[in-house]
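Notes for the structure review
These are the residues of each chain, in order.
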Amino acid sequence: MSSQQLSQSQSPPPPVAKKVEHKMEMFGDVRNDNYYWLRDDSRTNPEMLSYLKEENGYTDSIMSGTKKLEEQLFAEIKGRIKEDDVSAPLRKGPYYYYTKTLEGKEYVQYCRRLVPENQKLPSVYDTMPTGPEAPQEHVILDENIKAQQHGYYSIASFKVSPNNKLVAYAEDTKGNEIYTVYVIDAETQAPIGKPLVGVTSNLEWAGDNALVYITMDEILRPDKAWLHVLGEDQSKDTCLYVEKDDMFSLDLQASESKKYLFVASESKNTRFNFYLDVSKPEEGLKVLTPRVDGIDTTVSHRGDHFFIQRRSDQFFNSEVVACPVDNTSSTTVLLPHRESVKIQQIQLFSDNLVSYEREDGLPKIIVYHLPPIGEPLRSLQDGQAVSFVDPVYSVDYSESEFSSSILRFSYSSLKTPSSVYDYDMKAGISVLKKIDPVLGGFDSTRYMTERRWAPASDGTLIPISIVYRKDLVKLDGSDPLLLYGYGSYEICVDPGFRSSRLSLLDRGFVYAIAHIRGGGEMGRPWYENGKLLKKKNTFTDFIACAEYLIENKFGSKERLCIEGRSAGGLLIGAVLNMRPDLFKAAVAGVPFVDVLTTMLDPTIPLTTSEWEEWGDPRKEEFYFYMKSYSPVDNVKAQNYPHILVTAGLNDPRVMYSEPAKFVAKLRDMKTDDNILLFKCELGAGHFSKSGRFEKLQEDAFTYIFVLKALNMTNEFKS
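Residues numbered from 1 in each chain as written. Predicted model: local features only at pLDDT ≥ 70, side-chain atom pairs only at ≥ 80, totals over all residues. Heavy atoms only, no water.

With respect to the packing of helix α1 (residues 46-63) against helix α11 (residues 657-669)
- Look at α1 against α11: their axes get within 12 Å of each other, and the N-to-C directions meet at 65°. The angle between α1 and α11 falls in the class roughly perpendicular. For α1 against α11, the interelement crossing comes out left-handed. Judged by residue contacts, Tyr51, Leu52, Glu55 and Tyr58 of α1 engage Ala660, Val663, Ala664 and Arg667 from α11. (Axes fitted to C-alpha atoms, helices over the stretch in contact; angles between N-to-C directions. Helix = DSSP H or I, 4+ residues; strand = E, 2+ residues; numbered from the N terminus. Parallel < 35°, antiparallel > 145°, perpendicular 65-115°, else oblique. Left-handed = near helix turned anticlockwise from the far one by under 90°. Contact = heavy atoms within 4.5 Å.)

Here it is in structure tokens:
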């Protein structure tokens, strides 16, 4: 056995967590959780912290032999990043706004410049002048300076007031997603009033001197909407709405027209909306769409109409209707429901409606012309589709100017770096405004992307997105293969670009994404068939994709690694218990693995709002179904592959104790000699460290683990 190969023979013994019997009984079923004691909501128990530190120390010692390689790999990944760069500037009123990164710095600067006189009428061909003659750059906020005092630093919301004079931003210095909101003068950075503390990052301007924001209850459920007048004390803020039902959480959005704010209350299958007229905030919230179980509405505004995207059991892929502002119960259908096309979201402009749709698992953008404001609205016809170049790709909504005919969107694929386009909705032309630079001789023509369909156990065809480097793979079953999956919450994991992934592709890896049920890739039924009492489809779909890839010579059991994060970590935990023979190595990031115990405890953040996703195990049918796949409850005395598990001590979404218990139980029961590593960030949350290079360091660590598991570190040296 080479010294680089993963094995426990030459290394220190792994940590052993003490066992404390903790019996839980339900429906005559008794479970014993020996590691329940690892949960400490205050995150201060010295014994628990000492166990986490022991695990981190063990991980360091196992990985110490490849530390130099990890540093080399990090340098390679970092070397592809253009460190000093500028985002595609976005016009807002008289300014271009953009962010800027500096060489060697972890964080961004928020900047703006005046739009020059000769660009008063916006065009897709405009570029922001930067020379000595150009309007001067003004740095509104430098995150690098703010972050100096903190080990973790994240700004989740950066909102400019309608008159461009002030900025409100939300700051998190722990990773626990509890924010402080500061308002500053955009020119002088002088603070305006006292900060708002203990709030979410969901905030919007209500005119130029008031903000609406959302706060959370003790289980971190967004439950209250507030109106804050600048200069007033937070204790004097007006509470606009309280959501008492603990299955529902509040959301906040501004209409593209900026004339209304919308407060929505939503569960996993119901959503209803209130509106606030920004010119009369003192009138408070008014009902726009009523609360009806199973009906999900998202709203916006243009002219004298509200626009409503509406989903129901009957219209499961959504329809779009409009109603007059002064008569919200009278609706006209603009885009009817279609069984094969899902409406993801709509974006409004003064003359256009843009529909972001999905068909056959791929995103589309369709642009419709609207009649002049004041004229009646009727069914929209003759939409024009924006065209894209790759066979599988990812398209994302971007902020645009409501009053213009320019649609901004971002695009990428497994071989095309993230690109920002401006699309002229009158002329039907897309103009590339920025493509993320990839240094180090990257050439996209060397890579091949394709889509395949794997038959699931019930015959459903599951889409798989695949990328590899044409000149390096043999496609004879001998190539290393990394398969990624998620499959929950109707989230679409579209195939996008990551420059760090090139470090695997350039070593002959095949990379694949399994678009399994529980996600939203193939429309609403795709999600419905991978949740509640059909959740196991998510896991069996993933196994079917792995078997299909092996059968079609994209890899073999001996060369197959799998990866998933959060609910995707639940996926990894479940398939490891079900088919440990199928995989060589697995990476489970911040995994939701203690499903049954967590969902039985309404004091844990997210539990109550998630009963509509996983089921409520206080009901017998759900209890036994969830128990049958919950990873912690299904660890067996069997051989497992090499496994890396990560966690964040401050994570409010997946409590650190879930992955910790999973690891402790695996250590106790597994019958193999393969490596099991647990890496817990003691100063971060669900999204791990906050700096851009710190995140790349984590990629390097994960990839070295994968290369070690496949015994490829010697090839790496060469």
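Picking up where we left off.
Section: the UniProt feature "domain: Peptidase S9A N-terminal" (unreviewed entry) in the protein
- The positions that UniProt labels "domain: Peptidase S9A N-terminal" (unreviewed entry) are, in the present scheme, residues 14-432.
- For residues 14-432, the end-to-end C-alpha separation is 52 Å, with 8% helix and 42% strand making up the annotated structure. (UniProt positions renumbered as here; feature names shortened; annotations may be inferred.)

Observations regarding the sheet that holds strand β30 (residues 419-424)
- Spatial strand order, β28-β29-β30-β31: 4 strands in an open sheet with antiparallel pairing. The open sheet has two free edges, formed respectively by β28 (394-397) and β31 (429-435), since each of these has just one partner strand. The average undirected angle you get between the axes of adjacent strands in this sheet is 30°.
- Pairing between strand β29 (residues 406-412) and β30: 6 bridges, direction antiparallel. Opposite arginine 408, over in β30, you have aspartate 422 as the bridge partner. (Pairing = 2+ DSSP bridges.)

Some points on the environment of leucine 682
- Mapped onto the fold, leucine 682 is located in the loop between β39 (676-681) and α12 (692-709).
- According to the relative accessible area criterion, leucine 682 is partly exposed, its value standing at 32%.
- The spacing of leucine 682 and leucine 203 is 479 residues in sequence and 29 Å in space, taken between C-alpha atoms.
- Those residues in contact with leucine 682 that sit more than four places away from it in its chain are Leu52, Lys53, Asn56, Leu649 and Asn650. (Buried < 20%, exposed > 50% of the residue type's maximum accessible area, 1.4 Å probe, protein only.)

Observations regarding the environment of serine 318
- Summarising the element assignment, serine 318 is placed in the loop between β21 (305-311) and β22 (319-324).
- In sequence terms serine 318 and proline 437 are 119 residues apart; their C-alpha atoms lie 37 Å from each other.

Some remarks on α11
- Its 13 residues place the ends of α11 18 Å apart at the C-alpha level, agreeing with the 18 Å of an ideal helix rising 1.5 Å per residue.
- Where α11 is concerned, the buried positions are Ser657, Glu658, Pro659, Ala660, Lys661, Phe662, Val663, Ala664, Leu666 and Arg667. (Expected span 1.5 Å × (residues − 1).)

Quick notes on the side chain of serine 657
- Mapping serine 657 onto the fold places it in helix α11.
- Assessed through its relative accessible area of 3%, serine 657 is described here as buried.
- Once residues within four sequence positions are removed from consideration, serine 657 is found in contact with Leu38 and Arg39.

Brief notes about the pairing of β31
- With 6 bridges joining them, β30 and β31 adopt antiparallel strand pairing. What sits directly across from valine 420, in β31, is lysine 434.
- Count of turn residues in the β30/β31 antiparallel hairpin: 4 residues, of which glycine 428 carries a positive phi of about 75°.

Concerning unusual backbone geometry
- For leucine 532, which is not glycine, the phi dihedral falls at a positive 50°.
- Structurally, leucine 532 can be placed in the loop between α5 (524-528) and α6 (536-551).
- Judged by its relative accessible area of 26%, leucine 532 falls in the partly exposed class.
- The phi dihedral of lysine 553 falls on the positive side, at around 65°, and the residue is not glycine.

Details of the pattern of salt bridges
- Tallied over the entire structure, the rule returns 53 salt bridges.
- Here lysine 342 makes a salt bridge to glutamate 490, at a shortest N to O gap of 2.8 Å. Taken together, the residues span a long stretch of sequence, with lysine 342 in strand β24 (residues 341-348) and glutamate 490 in the loop between β34 (481-485) and α4 (502-505) at a distance of 148 residues.
- A single network of salt bridges, built from pairs that share partners, joins Lys342, Glu490, Arg524 and Glu528. (Salt bridge = Lys/Arg side-chain N within 4 Å of Asp/Glu carboxyl O.)

So, the sheet that holds strand β8 (residues 154-160)
- In space, the 4 strands of this open sheet follow the order β8-β9-β10-β11, with antiparallel pairing throughout. Sheet topology places β8 and β11 (196-199) at the edges, where each strand pairs with a single neighbour. Between one strand axis and the next, the sheet turns through 25° on average, direction left out of account.
- Where β8 meets strand β9 (residues 166-172), 6 bridges bridge the pair, whose relative direction is antiparallel. Among the inter-strand pairings, serine 154 is bridged to a residue of β9, identified as aspartate 172.

With respect to α12
- Taking 1.5 Å per residue as the helical rise, α12 with its 18 residues ought to reach 26 Å, and the 26 Å between its terminal C-alpha atoms agrees with that figure.
- Looking at the residues trailing α12, positive phi occurs at asparagine 711, about 55°.

Some thoughts on the nonpolar core
- If you look at the biggest cluster of nonpolar residues, it comprises 113 residues, and the most contacted ones within it are Leu52, Leu483, Phe542, Leu549, Ile562 and Phe583.
- Here this core takes 10 residues from α12, the largest share from any one element.
- Not counting residues within four places of it along the chain, the set of residues in contact with phenylalanine 583 comprises Phe542, Ala546, Lys557, Leu560, Ile562, Val575, Leu576 and Pro641.
- Counting 18 residues, the second largest nonpolar core, distinct from the first, contains Ile214, Leu227, Tyr241 and Val278. (Core = buried A, V, L, I, M, F, W, Y, C linked by side-chain atoms within 4.5 Å.)

Here we look at the side chain of aspartate 33
- One can find aspartate 33 in the loop between β2 (29-32) and α1.
- Side chain to side chain, aspartate 33 and lysine 661 meet in a polar contact 2.8 Å long.
- Sequence-distant contacts of aspartate 33, defined by excluding residues within four places in its chain, comprise Val20, His22, Met24, Asp594 and Lys661. (Polar contact = N/O pair within 3.5 Å; in protein donor to acceptor, adjacent residues only side chain to side chain.)

Details of the packing of helix α2 (residues 67-78) against α12
- Running from amino to carboxyl end, α2 crosses α12 at an angle of 130°, the nearest separation of the two axes being 9 Å. As the angle between them shows, α2 and α12 are arranged oblique. In this structure, the crossing between α2 and α12 has a hand that is right-handed. Where α2 abuts α12, its residues Leu69, Glu70, Leu73, Phe74, Ile77 and Lys78 lie against Phe693, Leu696, Gln697, Asp699, Ala700, Phe701, Tyr703 and Ile704.
- Looking at the contact of α2 with α12 residue by residue, the class counts come to 10 nonpolar, 1 polar and 3 charged. (Nonpolar A, V, L, I, M, F, W, Y, C, P; charged D, E, K, R; others polar.)

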